[in-house]
Amino acid sequence: RKEVEQDPGPFNVPEGATVAFNCTYSNSASQSFFWYRQDCRKEPKLLMSVYSSGNEDGRFTAQLNRASQYISLLIRDSKLSDSATYLCVVIRTGANNLFFGTGTRLTVIP
Amino acid sequence: SAVISQKPSRDICQRGTSLTIQCQVDSQVTMMFWYRQQPGQSLTLIATANQGSEATYESGFVIDKFPISRPNLTFSTLTVSNMSPEDSSIYLCSVEGGQAYEQYFGPGTRLTVT
C-alpha cells in the first residue's frame, strides 16, 4: 500500500465553487501533515500545514482525522489562479523526509 | 524563505553518459534533500545530504548510481551516472524551511535521456 494516496482527479470546477480534496496515509506513526501546491512545470510550494485541531488560511481550510488517517483540503470561492496540482505530504515520526501523494489536479473554469 | 537555484535547468543526454546537477542556496542550511519526479508521478526522495558526512540514500537508490557531494552548507551536487531512458525525470533539491519539517524546493532540472 502506498504511503500516501490521493484521488488524482482532475477536478474541473467553475469559478466561485467550493471544492474538497481528501488524502489518506497508511502509517499511523505519521506525525506531520502538509498540503503543497505545484503549478505546471514548477516546483512544489508549501500551501499550508495541517494541525490536529484543523486550520484555516483565508479561503483554504485543512482538516486532519487521525482515527481514520485522512487529511482534507477545502477551497472556497475558487479562483482561476487556484488551478494547480495539490500534493498531500506526510512525515513519519523520527524521519526528516517528506512522503508525497501523487497529487490532485484542479482546474478552475471561468 | 530560502532562494534555491539549480543548474542546468534542463538537459538532453545520451544513454551511458553522466550528468551532474548543481544546487545552490542563498543561506547556510544543515540538510539538503534530492528528489526525483518522474513523468506523471509525485516526488520520491533519493537521498539526504548533510555537510561533512556521507549522504543517506532511500531504498531503491544507491551511491554508485546517484553520487552526491556536499562540500559546504550552501551547495550540493547530484550526479546521475550511466544514464538510461528510465532516468528521464525532473530532479529537485530542497532545504528545510522556517517551520518544522517545511521544505523549500529548487526549480528542478528536467533531464531527458535518449
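Above this text sits the structure in question.
These numbers come from a predicted model, not from an experiment. For every chain, the first residue of the written sequence is number 1, and numbering continues from 1 along that sequence. Each chain takes a letter, starting from A, and each ligand takes a number, starting from 1, following the order in which they are written. Reporting of local features is limited, given that this is a predicted model, to residues whose pLDDT is at least 70; pairs of side-chain atoms are given and counted only at 80 or more, and all residues count toward the totals for whole chains, interfaces and linings. Excluded from the side-chain calculation are hydrogens and water; included are all heavy atoms of the structure.

**Quick look at the overall build of chain A**
A run of H or I in DSSP counts as a helix once it spans at least four residues, and a run of E counts as a strand once it spans at least two, with each numbered from the N terminus. Along its length, chain A carries 0 helices and 11 strands. The N-to-C order of helical and strand elements in chain A reads β-β-β-β-β-β-β-β-β-β-β. With respect to the three principal axes, the spread of C-alpha positions in chain A is 45 × 30 × 20 Å. In chain A, buried positions account for 47% of the 110 residues. Within chain A, contacts between residues separated by at least 24 positions form 57% of all contacts whose residues are at least 6 apart in sequence. For the exposure calls, accessible area comes from a 1.4 Å probe over protein chains only, and a residue counts as buried if that area is under 20% of its type's maximum, exposed if over 50%, partly exposed in between. Here a residue-residue contact requires only that any non-hydrogen atoms of the pair lie within 4.5 Å.

**Examining the state of the cysteines**
Residue and element names in this part refer to chain A. Here, a disulfide means two cysteine sulfur atoms that sit within 2.5 Å of each other. Scanning the entire structure with this criterion turns up 2 disulfides over all chains. What pairs with Cys-23 in a disulfide is Cys-88, and their sulfur atoms sit 1.9 Å apart. Because the torsion about its S-S bond is -75°, the bridge between Cys-23 and Cys-88 counts as left-handed. Taken together, the residues span a long stretch of sequence, with Cys-23 in strand 3 (residues 19-25) and Cys-88 in strand 9 (residues 84-92) at a distance of 65 residues.

**Things to note about the pattern of salt bridges**
Within this document, salt bridges are pairs made up of a side-chain nitrogen of Lys or Arg and a carboxyl oxygen of Asp or Glu, the two lying within 4 Å of each other. Scanning all chains against the criterion turns up 5 salt bridges over all chains. With a shortest N-O distance of 2.9 Å, Asp-77 of chain A and Lys-79 of chain A are connected by a salt bridge. When the shortest N-O distance is used, the salt bridge between Lys-65 of chain B and Asp-87 of chain B registers 2.7 Å. Pair noted here: Lys-65 of chain B is in the loop between strand 6 (56-57) and strand 7 (68-72) and Asp-87 of chain B is in the loop between strand 8 (75-80) and strand 9 (89-96), with a separation of 22 residues, a long-range link. Taking relative accessible area as the criterion, Asp-87 of chain B reaches 5% and is therefore assigned buried.

**Regarding the interface of chain B and chain A**
Between chain B and chain A, the residue contacts involve 19 residues of the former and 20 residues of the latter. Simply put, the buried area is the total loss of 1.4 Å probe accessible area from both parts when two parts are fitted together. Where chain B abuts chain A, roughly 1,600 Å² becomes buried across the two surfaces, and 52% of that area is made up of carbon and sulfur atoms. Put simply, chain B and chain A have 0 salt bridges between them. Pairs of N or O atoms are called polar contacts if they sit within 3.5 Å, as long as, within protein, a hydrogen donor faces a hydrogen acceptor (for residues adjacent in sequence, only side-chain-to-side-chain pairs). The interface formed by chain B and chain A holds 4 residue pairs in polar contact (both at pLDDT 80 or more) in total. Tallying contributions element by element places strand 4 (residues 31-37) of chain B first for the side of chain B that touches chain A, with 4 residues. Residues are grouped as follows: nonpolar covers Ala, Val, Leu, Ile, Met, Phe, Trp, Tyr, Cys and Pro; charged covers Asp, Glu, Lys and Arg; every other residue, Gly included, is treated as polar. When the residues that make up the side of chain B that touches chain A are grouped by side-chain class, the tally is 10 nonpolar, 5 polar and 4 charged.

**Brief notes about the sheet that holds strand 6 (residues 55-57) of chain A**
Residue and element names in this part refer to chain A. Note: two strands are recorded as paired if DSSP finds a minimum of 2 bridges between them. Ordered by their spatial adjacency, 5 strands build an open sheet running 1-3-8-7-6, and the pairing between neighbours is antiparallel. Only two strands of the sheet have a single partner each, and these edge strands are strand 1 (4-6) and strand 6. Along the sheet, successive strands turn relative to each other by an average axial angle of 20°, direction set aside. The sheet contact formed by strand 6 and strand 7 (residues 60-65) spans 3 bridges and is antiparallel. Looking at strand 7, one finds that Asp-57 is bridged to Phe-60. Note on definitions: angles span 0 to 180 degrees between N-to-C directions of axes, and those axes are lines fitted to C-alpha atoms, for helices only across the stretch in contact.

**Considering the sheet that holds strand 3 (residues 19-25) of chain B**
Residues and elements named next belong to chain B. Across the sheet, 4 strands lie side by side as 1-3-8-7; this open sheet has antiparallel pairing. Since the sheet does not close on itself, it has two edges, and those belong to strand 1 (4-7) and strand 7, each with one partner. Sheet twist, expressed as the mean angle between neighbouring strand axes with direction ignored, is 15°. As paired elements, strand 7 and strand 8 share 3 bridges and run antiparallel to each other. Counted as the bridge partner of Asn-72 is Phe-75 from strand 8.

**Some remarks on the side chain of Ser-42 of chain B**
For Ser-42 of chain B, the location among the structural elements is in the loop between strand 4 and strand 5 (43-50). A polar side-chain atom of Ser-42 of chain B sits 2.3 Å from the main-chain carbonyl oxygen of Gly-101 of chain A.

**Remarks on the side chain of Arg-70 of chain B**
Residues and elements named next belong to chain B. Mapped onto the fold, Arg-70 is located in strand 7. Nearest to the buried, unbridged Arg-70 among oppositely charged side chains is Glu-96, at 8.5 Å. Engagement of the side chain of Arg-70 in a polar contact is seen with the backbone oxygen of Val-29, the distance being 2.6 Å. Contacts of Arg-70, omitting those with residues within four sequence positions, involve Val-29, Thr-30, Met-31, Met-32, Ala-49, Asn-50, Gln-51, Gly-52, Phe-75 and Ser-76. Neither His nor the chain ends is counted toward charge; the positive residues are Lys and Arg and the negative residues Asp and Glu.

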